[in-house]
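Spelled out from the first residue to the last, the chains are:
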Amino acid sequence: MENPRHWRLKKQRYGLVGEECPHCHEKLFPPRDVCPHCGGEAKEEFTFSGQGEVYSFTTMYSAPAGYEEYAPYTVALVKLEEGPVLTAQLTDLGDDEEVEIGMPVEMVTRRLRSDGDDSGILIYGYKFRPVMK
Amino acid sequence: MTEVVIAGIGQTPVGEHMEVSLRTLAARAIQAARADAGGLRPQAMYIGNFLASVLSGQSNLGALFTSNSGLEGIEGVTVEAAGASGAAAFRMAYLAVLSGFVDTAIVVGAEKCTDVTSQDLETAMMQSVEYDYEVSGGLTLTAQAALLTQRYMHEYDLPQDGLAEFSLLAHANAVHNPNAMYRRAISPAVYQRAGMVSTPLNMFDVAPYADGAAAVILTRPGLLPKGAARRPVRVVGSSLITDSLALHDRHDLLAFRAAELSVERACRQTGILPGDVDFFELFDAFTIYALLSLEAAGFARHGEGWKLGRNGKLALDGELPISVMGGLKGRGRPVGATGVYQIVEAVQQLRGQAGENQIPGARRALVQALGGAASTAVTHVLSV
Ligand SMILES: [Zn+2]
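Residues numbered from 1 in each chain as written. Chains lettered and ligands numbered in written order. Predicted model: local features only at pLDDT ≥ 70, side-chain atom pairs only at ≥ 80, totals over all residues. Heavy atoms only, no water.

A. Looking closely at the overall build of chain A. Broken down by element type, chain A carries 2 helices and 8 strands. Listing every helix and strand of chain A by position from the N terminus yields α-α-β-β-β-β-β-β-β-β. Scaling as 2.2 N^0.38, a compact globule of 133 residues should have a C-alpha radius of gyration of about 14 Å, and chain A matches this with 16 Å. C-alpha atoms of chain A, sized along the principal axes, occupy 45 × 40 × 20 Å. For chain A, the residues scored as buried account for 49% of the 133 residues in total. Taking the intrachain contacts of chain A between residues at least 6 apart in sequence as the baseline, contacts between residues at least 24 apart amount to 50%. Looking at chain A as shown, the accessible area adds up to about 6700 Å², and 48% of this sits on carbon and sulfur atoms. Where the 15 positive side-chain charges of chain A centre and where its 23 negative ones centre are 5 Å apart. (Helix = DSSP H or I, 4+ residues; strand = E, 2+ residues; numbered from the N terminus. Rg over C-alpha atoms; globule rule 2.2 N^0.38 Å. Buried < 20%, exposed > 50% of the residue type's maximum accessible area, 1.4 Å probe, protein only. Contact = heavy atoms within 4.5 Å. Areas by Shrake-Rupley, 256 points an atom, 1.4 Å probe, with all protein chains shown as cover. Lys, Arg positive; Asp, Glu negative; His and termini not counted. Charge placed at Lys NZ, Arg CZ, Asp CG, Glu CD.)

B. Representation of the nonpolar core in the model. Within the largest apolar cluster, 133 residues are counted, with the highest numbers of intra-cluster contacts made by Ile-6, Leu-148, Leu-218, Tyr-289, Leu-294 and Leu-382 of chain B. The residues that make up this core include at least three from each of domain 1 (4-117 + 210-223) and domain 2 (128-207 + 236-383) of chain B. (Core = buried A, V, L, I, M, F, W, Y, C linked by side-chain atoms within 4.5 Å. Domains from an automatic or database assignment.)

C. Spatial organisation of the interface of chain A and chain B. The interface is formed by 35 residues belonging to chain A together with 28 residues belonging to chain B. For the chain A and chain B pair, buried surface summed over both sides reaches about 2800 Å², with 56% attributable to carbon and sulfur atoms. It is Tyr-55, Thr-87 and Ile-101 of chain A that lose the most area in chain A upon contact with chain B, and together they represent 18% of the buried surface on that side. A salt bridge links Arg-32 of chain A to Asp-249 of chain B, with the nearest nitrogen and oxygen atoms 3.4 Å apart. (Buried area = accessible area lost by both parts, 1.4 Å probe. Salt bridge = Lys/Arg side-chain N within 4 Å of Asp/Glu carboxyl O.)

D. Expanded view of the coordination of the zinc ion. Residues and elements named next belong to chain A. Around the zinc ion, the protein contributes the donor atoms Cys-21 (SG), Cys-24 (SG), Cys-35 (SG) and Cys-38 (SG), which lie 2.3 Å from the metal centre. Considering all 4 donor atoms around the zinc ion, the spread of angles at the metal, 102 to 115 degrees, places the coordination shape in the tetrahedral class. When the donors of the zinc ion are listed by position in the chain, the intervening gaps give C-x2-C-x10-C-x2-C. Highlighted residues: Cys-21 in the loop between strand S1 (17-20) and strand S2 (27-28) and Cys-35 in the loop between S2 and strand S3 (44-47), separated in sequence by 14 residues. The two residues Cys-21 and Cys-35 agree in class, both being buried. (Donors = N, O, S within 2.8 Å, 3.2 Å for Na, K, Ca; no water. Tetrahedral: all angles 85-135°; square planar, octahedral: opposite > 155°, others 65-115°.)

E. View of the confidence of the model for chain B. For chain B, the average pLDDT comes to 96, and 99% of its residues sit at 70 or higher. The ipTM, which scores confidence in the relative placement of chains, is 0.95 for this predicted complex, and the corresponding pTM is 0.97. (pLDDT = per-residue confidence, 0-100.)

F. Molecular detail of empty space enclosed by the protein. All told, the structure shown has 4 cavities of 30 Å³ or more when counted by the stated rule. Each pocket or cavity is described by its volume, and for the largest cavity that value is around 80 Å³. Contributing to the lining of the largest cavity are 16 residues, with Gly-83, Met-125, Leu-141, Phe-283 and Arg-333 of chain B lying nearest its centre. Its residues placed into classes, the lining of the largest cavity shows 11 nonpolar, 4 polar and 1 charged. Both of domain 1 (4-117 + 210-223) and domain 2 (128-207 + 236-383) of chain B provide at least three residues apiece to the lining of the largest cavity. A volume near 60 Å³ is recorded for the second largest cavity. Taken together, His-6, Arg-13, Tyr-67, Leu-112, Arg-113 and Ile-123 of chain A together with Tyr-131, Val-135 and Ser-136 of chain B make up the lining of the second largest cavity. Looking at the lining of the second largest cavity residue by residue, the classes come out as 5 nonpolar, 2 polar and 2 charged. (1 Å grid on protein atoms, 1.4 Å probe; cavity = no way out; pocket = protein on both sides within 12 Å on 5 of 7 lines; lining within 4 Å. Points joined across faces, edges and corners; volume = space filled by probe spheres on them. Nonpolar A, V, L, I, M, F, W, Y, C, P; charged D, E, K, R; others polar.)

G. Here's a closer look at unusual backbone geometry. Ala-71 of chain A connects to Pro-72 of chain A through a cis peptide bond whose omega is -10 degrees. Note on placement: Pro-72 of chain A falls in the loop between strand S4 (51-60) and strand S5 (73-80). That bond from Thr-199 of chain B to Pro-200 of chain B is cis: its omega, 0 degrees, falls within 30 degrees of zero. With respect to the helices and strands, Pro-200 of chain B occurs in the loop between strand S5 (196-198) and strand S6 (201-202). Unusually for a residue other than glycine, His-25 of chain A sits at a positive phi of about 65 degrees. For His-25 of chain A, a relative accessible area of 49% puts it in the partly exposed group. Positive phi outside glycine occurs at Ala-374 of chain B, with the angle close to 60 degrees. Tracing the backbone shows Ala-374 of chain B in the loop between strand S10 (364-371) and strand S11 (376-383).

H. Spotlight on helix H4 (residues 85-99) of chain B. The end-to-end C-alpha distance of H4 of chain B is 21 Å, a good match for the 21 Å that 15 residues give at a rise of 1.5 Å each. Trailing H4 of chain B by a residue or two, Gly-100 of chain B shows a phi angle of about 90 degrees, which is positive. (Expected span 1.5 Å × (residues − 1).)

I. Focus on the environment of Pro-13 of chain B. Residue and element names in this part refer to chain B. Within the fold, Pro-13 resides in the loop between strand S1 (4-11) and helix H1 (22-36). Residue Pro-13 is classed as partly exposed on the basis of its relative accessible area of 41%. Sequence separation of Pro-13 and Asp-284 is 271 residues, and the distance between their C-alpha atoms is 19 Å. The residues touching Pro-13, leaving out its near neighbours within four places in the chain, are Asn-179, Asp-211, Gly-212 and Tyr-341.

As structure tokens, this is what we get:
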């Protein structure tokens, strides 16, 4: 049951594929077919660069089921350079790496959950890591 | 237009009820409300519940609760809007009575969430977070509140103890509420020492999950039992507004737009401004929600909500009392039942039945519940 649900999101999770509104040219992620900026129909695919910056973040000390392996972990709102904001875990943070708002980050593909879904399929998708200086 | 009045209220204590099931909790609140309403028999039951399908493996509560409380055969249905489920159910009952299709309706908020581990509960609560694009990153409802708080601190100069006041106040107000989960005040030192849950939120920024059930009976004034001495509390404003489910889709992250619009509309229906109410029962599931709700309702400018926490302005004897029986933080947070508890407590105040917590001369209340991070906001104005 979970399988098609994740399969459907492959393009978004692996490729950061969203949409570009043909009317007002805003870039949309996640894709939703109706532009939240102008209300027009938006179905043209647009692939994001994966570059962005931390808009907000939190380090969680208790993890929900399926995420225990990562705890404590840091989740951020990432503002993509093309405009939209998305939610993603930060990864590859050094031991003394201080996360701060405005910090440049880039997309990488990682395993999202430690246990796989109900059918045992491991789920991969985007996380973001600090941009190497 | 028809007037809708509150004929009866009932509640069970909020806390961990290991020995009581969901249906029994609900039945107790229903019985209490029916006794308070002089035996008035409802023709419809609107239930506020969020987690029974996941935590108790039980849906179709309309059939369960009606038949288990001596009301078999009446209309009964669950209304779900995450943490605002109870308030949404209250609105449906209000609309039903207002429309004239239902003479008397009962609203029941019931939640049983302490049968599972706290981890399983937090995971269940993630149903109010967007599954495809937020949960996939491991984001919980608590972490959403933390993201709001971190950004708030970045944009505005929130002092180090700016959130603490809201937690302290809620706990202080719960001391004299016999139905509250925690009845001890906490000190600033206790707050400061508390362990981090999700930076920058500590344990005292997060309201505790609990079991509980509350009920309210709504009817038309002409149907109130003869000899009902007190002036009934009237429902004079009601509004439910939604915002994007995911935080990352908000146009203005810190604006709580649904909360703002629902306050505006509920107040406009009765021709008042938010400033005309005697108290504001807000939804302090997290301390940051209290701040953002005060700002959204227009009681403070953006970035200045924390200032209201200073100098006792929000205390029971202040200009704008909030969390008047302890709020979610002190009374406890029986998830989908919370919105009904808020109405019950506001009615206690407006009837002059709030005991030590009584706000002298309280005549008008603004009551607001939030589902998710204010992705659903339900606001009511009650008046005597
Ligand atoms: Zn557009």
